[in-house]
Amino acid sequence: IARRSGIAPHVRIAPVIPIEQELIVTFWRDAKEGDGCLIGAGGVQVEQEGDVAIGRLPTTREQVAEILGKSRAGRRVLASPRADAFCTVVVQLSEAFIADLPDLRELECNPVTIGPTGVAVLDALPAAHAEHVN
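1. Some words on the packing of aromatic side chains
The full count for this structure, using the stated rule, is one aromatic pair. Note on Phe-27 and Phe-97: the rings are 5.9 Å apart at their centroids and 25 degrees apart in plane angle, and the pair reads as stacked. One end of the pair, Phe-27, is in strand 1 (residues 21-28); the other, Phe-97, is in helix 4 (residues 83-100), and 70 residues separate them in sequence. Here Phe-27 matches Phe-97 in class, with each residue buried. Between the NZ or CZ atom of Arg-29 and the centre of the ring of Phe-97, over which it lies, the distance is 3.9 Å.

Quick look at the structure:
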């Protein structure tokens, strides 16, 4: 494609994050229905499997673990040696959503990966309240 466009081809090789599991973690605010959190199978699996669980915005690792226990993907996380690290990251994301991102209606992180190098948020989609959109 580069040659056809008259551009010198260039290939960049970047390190790849090894992944054992992908999850979706979503936080939302809703004046009528209340605030909440969704955690479950992430990546494309969220549409294919629908393996997710819903709970209140977690402020402790125990609350994250409770939500995780309600889905197959979550139970796999709880059985892994990286369960505590994942729960810690979700609490940190939740705290940031609550305290530092008050203009957001929703924050979707998909995927959040778990692998031998730890937990990583690979993509995040923030959604502002309608009155904050220009």
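On we go.
2. Thoughts on the side chain of Asp-51
Mapping Asp-51 onto the fold places it in the loop between helix 1 (45-49) and strand 3 (52-55). Buried within the structure, Asp-51 lacks any salt-bridge partner; Arg-72 is the closest side chain of opposite charge, at an N-O distance of 4.0 Å. At 3.0 Å, the side chain of Asp-51 forms a polar contact with the backbone nitrogen of Arg-72. Dropping the residues within four chain positions of it, Asp-51 is found in contact with Gly-40, Ala-41, Ser-71, Arg-72 and Ala-73.

3. A short note on the nonpolar core
In terms of nonpolar packing, the biggest core is built from 25 residues, with Phe-27, Ile-39 and Phe-86 touching the most fellow members. Broken down by secondary-structure element, the contributors of at least two residues to this core are strand 1, strand 2 (36-41), helix 2 (61-68), helix 3 (72-78), helix 4 and strand 4 (104-115). The leading source of residues in this core is helix 4, at seven residues. Once residues within four sequence positions are removed from consideration, Phe-86 is found in contact with Leu-23, Val-25, Ile-39, Leu-68, Val-77, Val-112, Ile-114 and Val-119.

4. Quick word on the environment of Cys-109
Within the secondary structure, Cys-109 sits in strand 4. Along the sequence, Cys-109 and Val-25 sit 84 residues apart, while their C-alpha atoms lie 5.2 Å from each other. When sequence neighbours within four positions are dropped, the list of residues in contact with Cys-109 reads Leu-23, Ile-24, Val-25, Leu-93, Val-121, Asp-123 and Ala-124.

5. Observations concerning the pairing of strand 5 (residues 118-121)
In this structure, strand 4 lies alongside strand 5, joined through four bridges in antiparallel fashion. From the neighbouring strand, Ile-114 faces strand 5, where its bridge partner is Val-119. The loop that links strand 4 with its antiparallel partner strand 5 comprises two residues.

Thresholds applied
- What you see as residue numbers is a count from 1 along each chain, following the sequence as written.
- With pLDDT at 70 or above as the cut-off, local features in this predicted model cover only qualifying residues; side-chain atom pairs require 80 or more to be listed or tallied, and sums for whole chains, interfaces and linings still use all residues.
- Heavy atoms throughout the structure, all of them, feed into the side-chain values; hydrogens and water do not.
- Stacked, edge-to-face and tilted are the three classes for Phe, Tyr and Trp ring pairs, Trp counted by its six-membered ring, which pair at centre distances within 6.5 Å; planes under 30 degrees apart are stacked, over 60 edge-to-face, the rest tilted.
- Helix and strand definitions follow DSSP, with helices as H or I runs of at least four residues and strands as E runs of at least two, each counted in order from the N terminus.
- Categorising residues by exposure relies on relative accessible area from a 1.4 Å probe, with only protein chains included: less than 20% of the type maximum marks a residue as buried, more than 50% marks it as exposed, and the intermediate range marks it as partly exposed.
- Think of it as a cone above the ring: NZ of Lys or CZ of Arg counts as a charge over the ring if it is within 6 Å of the ring centre and within 35 degrees of the ring normal.
- Positive: Lys, Arg. Negative: Asp, Glu. His and the chain ends are not part of the count.
- One side-chain nitrogen of Lys or Arg within 4 Å of one carboxyl oxygen of Asp or Glu is enough to make a salt bridge.
- Here a polar contact is recorded for every N or O atom pair within 3.5 Å, except that within protein the pair must consist of a potential hydrogen donor and a potential acceptor, and residues adjacent in sequence are included only if both atoms are side-chain atoms.
- Any pair of residues with heavy atoms lying within 4.5 Å of one another is described as a contacting pair.
- The criterion is simple. A nonpolar core is a set of buried Ala, Val, Leu, Ile, Met, Phe, Trp, Tyr and Cys residues joined through side-chain atoms within 4.5 Å.
- Should DSSP find at least two bridges between two strands, the strands are regarded as paired.

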